[in-house]
Amino acid sequence: MLTVAVLVVCGTLSLGAVAMEVGLSGALPALALAAVPVGPVLAAVLWLDRHEAEPPHLLAFAFGWGACVASLGALVLNSLSSRLLERAVGDVTSSSVLVAPVVEEVLKGLGVLLLLLKQRRQFDGVVDGIVYAAFVGVGFAYLENVLYLGRALGDEEPASLVTVFVLRCVVSPFAHPLFTMAVGVGLGLAAERRPVPVRVAAPLAGLVLGVGLHSLWNASASAGTAAFVEVYLLLQVPVFVAALGVALAARAREARLVGRYLEVYVRTGWLREEELRVLASPSARRWARSGARDAGGREAARAVRDFQEAATALAFRRERVRRGTDPGSPEEELAMLRRLSAERSRVAALVPQR
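Residues numbered from 1 in each chain as written. Predicted model: local features only at pLDDT ≥ 70, side-chain atom pairs only at ≥ 80, totals over all residues. Heavy atoms only, no water.

Quick look at the overall build of the protein now. Secondary structure assignment for the protein yields 14 helices and 0 strands. For the protein, the α and β elements follow one another from N to C terminus as α-α-α-α-α-α-α-α-α-α-α-α-α-α. Projected onto the principal axes, the alpha-carbon positions of the protein cover approximately 75 × 45 × 45 Å. The proportion of buried residues among the 354 residues of the protein is 47%. Residue pairs in contact within the protein that sit at least 24 positions apart in sequence constitute 76% of those at least 6 positions apart. As displayed, the protein offers around 17,200 Å² of accessible surface, 66% of which is attributable to carbon and sulfur atoms. The positive charge centre, built from 36 side chains, and the negative charge centre, built from 31, are 8 Å apart in the protein. (Helix = DSSP H or I, 4+ residues; strand = E, 2+ residues; numbered from the N terminus. Buried < 20%, exposed > 50% of the residue type's maximum accessible area, 1.4 Å probe, protein only. Contact = heavy atoms within 4.5 Å. Areas by Shrake-Rupley, 256 points an atom, 1.4 Å probe, with all protein chains shown as cover. Lys, Arg positive; Asp, Glu negative; His and termini not counted. Charge placed at Lys NZ, Arg CZ, Asp CG, Glu CD.)

So, on to the pattern of salt bridges. Overall, the coordinates contain 15 salt bridges when judged by the stated rule. A salt bridge links glutamate 274 to arginine 272; its shortest N-O distance comes to 3.4 Å. Classification of glutamate 274 by relative accessible area gives partly exposed; the value is 40%. For arginine 272, a relative accessible area of 43% translates into the label partly exposed. Bridged by salt links that share partners, the residues Glu299, Arg302, Arg305, Asp306, Arg339, Glu343 and Arg346 form one connected network. (Salt bridge = Lys/Arg side-chain N within 4 Å of Asp/Glu carboxyl O.)

Okay, the nonpolar core next. Grouped together as the largest cluster of nonpolar side chains are 64 residues, with contacts concentrated most on Val112, Leu115, Phe123, Tyr132 and Phe135. Counting residues per element, this core draws most heavily on helix H6 (residues 126-154), at 17 residues. Grouped together as the second largest cluster of nonpolar side chains are 26 residues, Leu279, Ala292, Phe307 and Val347 included. (Core = buried A, V, L, I, M, F, W, Y, C linked by side-chain atoms within 4.5 Å.)

Mapped onto the fold, lysine 108 is located in helix H5 (residues 95-118). Only 2.8 Å separates the side chain of lysine 108 from the side chain of glutamate 105, close enough to count as a polar contact. Excluding residues within four positions of it along the chain, lysine 108 makes contact with Trp65, Ala70, Val136, Gly137, Phe140, His176, Phe179 and Thr180. (Polar contact = N/O pair within 3.5 Å; in protein donor to acceptor, adjacent residues only side chain to side chain.)

On to a nonpolar patch on the surface, then. A contiguous nonpolar patch, built from Trp47, Val229, Leu233, Leu234, Val237, Phe240, Val241, Leu244 and Leu248 and spanning about 780 Å² of accessible area, is present on the exposed surface. With 8 residues, helix H10 (residues 225-267) is the largest single contributor of residues to the nonpolar patch. Tracing the backbone through its elements, the reader meets valine 237 in helix H10. (Patch = residues over 30% accessible without salt bridge, like charges linked within 9 Å, V, L, I, M, F, W, Y side chains within 5 Å.)

You can see serine 160 is positioned in helix H7 (residues 158-171). Sequence-wise, serine 160 and proline 203 are 43 residues apart; in three dimensions their C-alpha atoms are separated by 38 Å. Among residues more than four places away in sequence, those in contact with serine 160 are Ala152 and Asp155.

This part takes up the environment of alanine 288. Tracing the backbone through its elements, the reader meets alanine 288 in helix H12 (residues 282-296). Under the relative-accessibility criterion, alanine 288 is labelled buried at 17%. As a C-alpha pair, alanine 288 and arginine 305 span 17 residues in sequence and 8.7 Å in three-dimensional space. In contact with alanine 288, other than residues within four places in its own chain, are Val278, Val304 and Gln308.

A few words now on the state of the cysteines. Applying the stated rule across the entire model yields 0 disulfides. No disulfide involves cysteine 10; its nearest neighbouring cysteine sulfur is the one of cysteine 68, lying 7.0 Å away. Classification of cysteine 68 as buried rests on a relative accessible area of 16%. (Disulfide = S-S within 2.5 Å.)

Structure below.
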């Protein structure tokens with residue numbers, strides 16, 4: 001309840017600050033316009049998290065941290081830093097390049113770090129770091145887009161609104177998630193209980209990379225259309241492709257872990273060999289769900305998905321036990337095996353046998 005209260009208070013203050021700047025006539029339509037890219041971007045992120053879906057309440061916290069806590073902190077600290085720069089040197093043009101990226105990436109990264117520290121058993125590695133970081137980034141981008149779209153609405157020039165909407169909601173909806181994903185990858189590596197120097201250096205390197213990309217993005221946005229397009233095509237697009245490659249490689253590694261850690265249950269009779277082959281292959285898992293849907297409808301497909309998730313959770317638990325982040329209770333393992341058997345029985349009842 002305390003977490004929800006903090007998010008609600010911070011979110012209310014953030015929206016209040018935005019409404020004070022752009023007015024209710026600008027804030028209300030901007031809330032709707034800024035929501036347009038949220039669904040597709042989150043759907044793309046969740047597509048990466050197909051092996052072991054993260055708990056909805058933790059994903060909601062990540063989004064809320066970005067939209068409420070990080071955004072409020074950025075509004076306050078960015079404004080304060082601009083005033084200090086203006087008093088010190090009389091020029092605040094460098095604030096968006098030198099100050100805002102540091103402030104915003106640190107604030108967003110803190111949300112991912114909190115999830116790692118407080119929900120250790122739900123934070124298994126790089127894929128989880130990417131997913132949680134992306135949700136934080138999407139939440140932050142949503143509130144920031146409300147501010148920029150609200151300002152454009154206040155200009156009463158349709159061309160201005162269209163330009164802002166296209167640049168922020170169509171061309172670059174992955175910008176903030178991408179910056180924060182760098183921190184998420186670093187924290188994901190730390191979560192895998194690698195050597196101490198890696199656990200310290202990886203998140204810091206991710207933060208530096210995220211800040212650097214963010215600074216370059218802001219610099220290109222303020223340098224004119226030609227510079228923006230050049231940076232977008234020559235750097236941001238390749239970086240996005242590279243980030244997607246990292247995410248897919250991490251997901252493939254999770255599939256290999258499933259095959260490795262479930263093999264013991266084949267030897268002990270809890271799983272069949274053919275089931276293990278399907279569970280360890282992303283394409284075979286998709287084929288199994290699709291085949292179940294064709295044979296028994298959506299409920300059958302959900303049953304297969306639940307069986308796959310139960311097996312994956314069991315595999316990841318064994319991997320956490322090996323790393324020393326799970327005490328390895330025999331009672332919990334038995335309960336998970338019983339759930340696996342129950343899900344298999346449900347599949348057998350819903351999917352017609354040929």
